[in-house]
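Here are the chains, one letter per residue:
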Amino acid sequence: MGVARDGSHKPGYTQGIDIRAPLTVLAEGCRGSISKQLIARYALDRDSDPQTYGIGIKELWQVPAGRAEAGKVMHTLGWPLNTRTYGGSFIYQLDQDRVAIGFVAGLDYADPRFRPWEAFQQLKNHALVKPLLDGGTIVSAGARALIEGGWQSLPKVEMPGALLIGDAAGLMNVPKIKGTHQALRSGMLAAEHVAATKTSAGWDAKLRASKVAAELRKVRNIRPGFNKGLWFGLANAGWETVTQGASPWTLKNHADWSSYDKIDAATAATQPGPNAPSPAQPAYVERTLAPRDRLAGVYFAATEHDEDQPIHLKVADPNICITRCIEEYANPCQRFCPAGVYEIVADGAGKRLQINAANCVHCKTCDIKDPYEIITWTTPEGGSGPNYQNL
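Numbering of residues starts from 1 in every chain and runs along the sequence as written. Local features in a predicted model are, by the rule used here, given only for residues with pLDDT of at least 70; side-chain atom pairs are given and counted only at 80 or more, and totals for whole chains, interfaces and linings are based on all residues. In computing side-chain values, all of the structure's heavy atoms are included and hydrogens and water are not.

**Some thoughts on the pairing of strand E2 (residues 53-62)**
Within E2, 8 of the 10 residues are buried, which leaves the element mostly enclosed by the surrounding structure. Strand pairing is assigned whenever DSSP identifies at least 2 bridges connecting the two strands. By definition, any uninterrupted DSSP run of H or I lasting at least four residues is a helix, any uninterrupted run of E lasting at least two residues is a strand, and each is numbered from the N terminus. Where E2 meets strand E6 (residues 137-147), 10 bridges bridge the pair, whose relative direction is antiparallel. Within E6, the residue paired with Tyr-53 across the bridge is Ile-147. Strand direction decides the pairing type here: E2 and strand E5 (residues 98-106), joined by 9 bridges, are antiparallel. Among the inter-strand pairings, Gln-62 is bridged to a residue of E5, identified as Arg-98. Think of it in three bands: residues with accessible area under 20% of the maximum for their type are buried, residues over 50% are exposed, and the middle band is partly exposed, with areas taken using a 1.4 Å probe on protein chains only.

**Focus: the pairing of E5**
Counting buried residues in E5 gives 9 out of 9 residues, a clear majority hidden from the surface. Of the two faces of E5, the one holding Arg-98, Ala-100, Gly-102, Val-104 and Gly-106 and the one holding Val-99, Ile-101, Phe-103 and Ala-105 are both buried throughout. Direction of pairing for strand E4 (residues 87-93) relative to E5: antiparallel, over a ladder of 7 bridges. Paired with Gly-87 across the two strands is Ala-105, which belongs to E5.

**Quick notes on the side chain of Gln-182**
Along the chain, Gln-182 falls in helix H5 (residues 180-197). Pairs of N or O atoms within 3.5 Å make up the polar contacts considered here, provided that, within protein, one atom can donate a hydrogen while the other can accept it, and that residues adjacent in sequence are counted only when both atoms are side-chain atoms. Looking at Gln-182, its side chain comes within polar contact range of the main-chain oxygen of Val-212, at 3.1 Å. The criterion used for residue contact is that any of the two residues' heavy atoms lie within 4.5 Å. Apart from the residues within four sequence positions on either side, Gln-182 is in contact with Leu-171, Val-212, Glu-215 and Leu-216.

What follows is the structure, encoded as structure tokens:
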């Protein structure tokens, strides 16, 4: 706490705490900062496929009295996504006339001009969804990456002095869009293991022999099946569901950052407006529901950072952003971020990358989808970030 933007110590500076323990259970959730470093340091993913992710964007609405049917659940697939892009939505009608609506897009999408946040806003304005929300108000909003690799992307979950559980290990069941039960199961199993052995040794074998891993193995081919498009993915999902994952094959996952199609210079120079689809996406409808733009969405996430603290989003080589990335991908960081953190601005010195770190909602999409793997999300000052209410 209390480190200024230039690295100097402010009057309220408090040194960080070193926590030393013989054994640490890492339950950081999706793309955990410590877990990411340790997976790389100990090459825990050496024998597994690359991990793959989705971005989940969610809003909680207060709708007019009597409109919400408490307990009603809706899921959608397809529009406003094209058939090459994996994703869909969920709409949960709650008590007290509240509606939770969310949208998930797989971060293995190929179109560098795709805008997940704008696609979510389009979904809300669909003729079958808008009547539920129209006249209501947003209570809170947020975004978070989802870990989707499953069985074939499961790294080794033990290392000297530490072990991985929950989404830090990648245990979410993607077809169910559910990971809480897997986190609880793995946490209880880890507690038993630690109590019995006092060591991380043997944890990987114990987890893989458990119901946690068995559930992942049963659905292992459903998510990667959509890499071949919507229709193949649906047919494959039906087959895998009927056979309960008994197929003698296991489909492969590929790293999300490497999935972009490159675009030519002429295309890069022609950018669609902030509320327009990329040419590869279906036509958009008129958008009238709140929020008006991504910065308004940041307000509903109640995110807060002291502006006079070091930028927690580290770009290893900003020159790539204004040279190769403009030419090859037209700076997708300006579009995949749901909070408008990244901007390419022009001033007297030419083009440069501007990082609006105070907007960050800690979804970690930039750490995942950057095509050059030069963006690293680090932990900001304690207490900083979004303050999600009832999400």
